[in-house]
Amino acid sequence: MWELTFPRTVVIGEGALEYLKEVEGKRVLIVTDKVIHKLDFVEKVSNYLKEAGLEVKVFDEVEPEPSMETVVKGAEFAKKCSPDWLIGLGGGSCMDAAKAIWVLYENPDITVDGINPLEKLGLRKKARLICIPTTSGTGSDATWATVITDVKEERKLELSSREIVADIIILDPEFPKSMPPRLVADTGLDALTHAIEGYVSQWSNDFSDGLAIKAIQMIFKYLPRAYRNPEDKEAKEKMHNAATIAGISFGNSQAGIAHAMGHSLGAIFHVPHGRTVDLFLAQSIEYSAREAMEKYADVARAIGIEAKTDEEAVEKLIEAVRRLDRELGEPASIKELGISREDFEKRLDDLVTRAANSSCTFMNPRVPDVDDTRKLFIYAYEGKKVNF
Ligand SMILES: [Zn+2]
């Protein structure tokens, strides 16, 4: 038996934001960050909500890779204003924070690290959740997971509960229009990593597979266009949809070692999420191919790669991922991220421990032991291949 969880309503296409005019309630709390607040995004969202007769409150203190402290602060704010809707407006950080704030708002006795699939949260007694992504990649709007940083322990808490999936997702192509190319690349490659890792995961299933393949095809087709030409509305809209499709897919499967290693690197060296996970994508395919050859070959063929054998298809897939990275100007190694060898070596044990304990590691098609995890990091430092 396998239970799948989907967001209840997904609104797509031009004018999607107008859906907010139909929202019924008294008060809404928008959870966002200062950058989004400065743009006119909050205003646009608020105007529709006001038209619907709702009072709007804003918590704009979410930082990139949100911390437990911010979640607690946001929950205190929510308790004071008693919203019946929460809106996560922004990138993955804002939506992840909104989910965790919602849990603590409804359950004052639960701590952030107490969010897990076995805990009965009893959400939706006080409020429901709308997610409005403004970037195209994290898929946080579509998953029942939230990643919160424990700053003191320098680790990312990979928290999940089937209850925290959004009631409504709004994918308005207006938002990604203003994304700069660097952000388009970083977030788009995060979505690609979700789709590929989700497709080969030990938890993959017929539903997640179909969505993953569609997302992968869309990303290979539209991401280079969205990156090269900020005015390409079609490519940006397709990427916005693809990110959520990938989110629904890996949300019902599981990410793999690229995410385990990316979370570890991001928590210690504070590198944006998309860039860290993508850094490990090609080598995670190389490492895992032995156990998931056929599935990686499916991915290769789905994007038009021709090959006589599965092995050849997978080799060409790895090359296609590397080519895409180069085309989008992504760093090819940890070193290229500007992390010195000395700093890397000093923290290598911590990097390995965190990745080895990540929930994403265990559902990877090939589960690396601590030694292999260390080798994978060393490989990623300079991009010099090692034998596993
Ligand atoms: Zn991700």
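Here is a short report on the structure shown in this document. Fair warning: this is a prediction, and the values are worked out from it, not measured in the lab.

1. Brief notes about the side chain of N205
Here is step 1: Take N205: it is sitting in the loop between helix 5 (181-200) and helix 6 (206-228).
Here is step 2: Side-chain polar atoms of N205 contact the backbone oxygen of W203, separated by 3.4 Å.
Here is step 3: A polar atom in the side chain of N205 sits 3.0 Å from the backbone nitrogen of S208.
Here is step 4: Ignoring any residue separated from it by four or fewer positions in sequence, one finds N205 in contact with W2, L4 and N252.

2. A short note on the nonpolar core
Here is step 1: Ranked by internal contacts, the top residues of the largest apolar core, which has 45 residues, are L192, I196, I219, I285, Y296, L317 and V321.
Here is step 2: The set of elements that each furnish at least two residues to this core consists of helix 5, helix 6, helix 7 (233-251), helix 10 (281-302) and helix 11 (310-327).
Here is step 3: Beyond its immediate chain neighbours, meaning those up to four positions away, L317 contacts I285, Y296, V299, A300, I303 and I305.
Here is step 4: If you look at the next biggest cluster of nonpolar residues, it comprises 39 residues, including F59, A97, A98 and Y105.

3. Let's talk about the packing of helix 8 (residues 257-269) against helix 10
Here is step 1: Look at helix 8 against helix 10: their axes get within 9 Å of each other, and the N-to-C directions meet at 135°. Between helix 8 and helix 10, the interaxial angle falls into the category oblique. As for the relative orientation of helix 8 and helix 10, their crossing is right-handed in sense. Seen from helix 8, the contacting residues are I257, A258 and M261; seen from helix 10, they are L281, Q283, S284, Y287 and S288.
Here is step 2: Taken together, the residues that form the contact of helix 8 with helix 10 break down as five nonpolar, three polar and no charged.

4. Description of the coordination of the zinc ion
Here is step 1: Within the first shell, the zinc ion binds the protein through D190 (OD), H194 (NE2), H259 (NE2) and H273 (NE2), at distances of 2.1 Å.
Here is step 2: Coordination at the zinc ion comes from four donor atoms whose angles at the metal span 87 to 164°, giving a geometry best classed as irregular.
Here is step 3: The sequence pattern formed by the donor residues of the zinc ion is D-x3-H-x64-H-x13-H. Of the two residues, H259 sits in helix 8 while H273 sits in helix 9 (residues 273-279), which places them 14 residues apart along the sequence. Residue H259 shares its accessibility class with H273, and that shared class is buried.

So, how was this worked out
Residues numbered from 1 in each chain as written. Predicted model: local features only at pLDDT ≥ 70, side-chain atom pairs only at ≥ 80, totals over all residues. Heavy atoms only, no water. Helix = DSSP H or I, 4+ residues; strand = E, 2+ residues; numbered from the N terminus. Polar contact = N/O pair within 3.5 Å; in protein donor to acceptor, adjacent residues only side chain to side chain. Contact = heavy atoms within 4.5 Å. Core = buried A, V, L, I, M, F, W, Y, C linked by side-chain atoms within 4.5 Å. Buried < 20%, exposed > 50% of the residue type's maximum accessible area, 1.4 Å probe, protein only. Axes fitted to C-alpha atoms, helices over the stretch in contact; angles between N-to-C directions. Parallel < 35°, antiparallel > 145°, perpendicular 65-115°, else oblique. Left-handed = near helix turned anticlockwise from the far one by under 90°. Nonpolar A, V, L, I, M, F, W, Y, C, P; charged D, E, K, R; others polar. Donors = N, O, S within 2.8 Å, 3.2 Å for Na, K, Ca; no water. Tetrahedral: all angles 85-135°; square planar, octahedral: opposite > 155°, others 65-115°.

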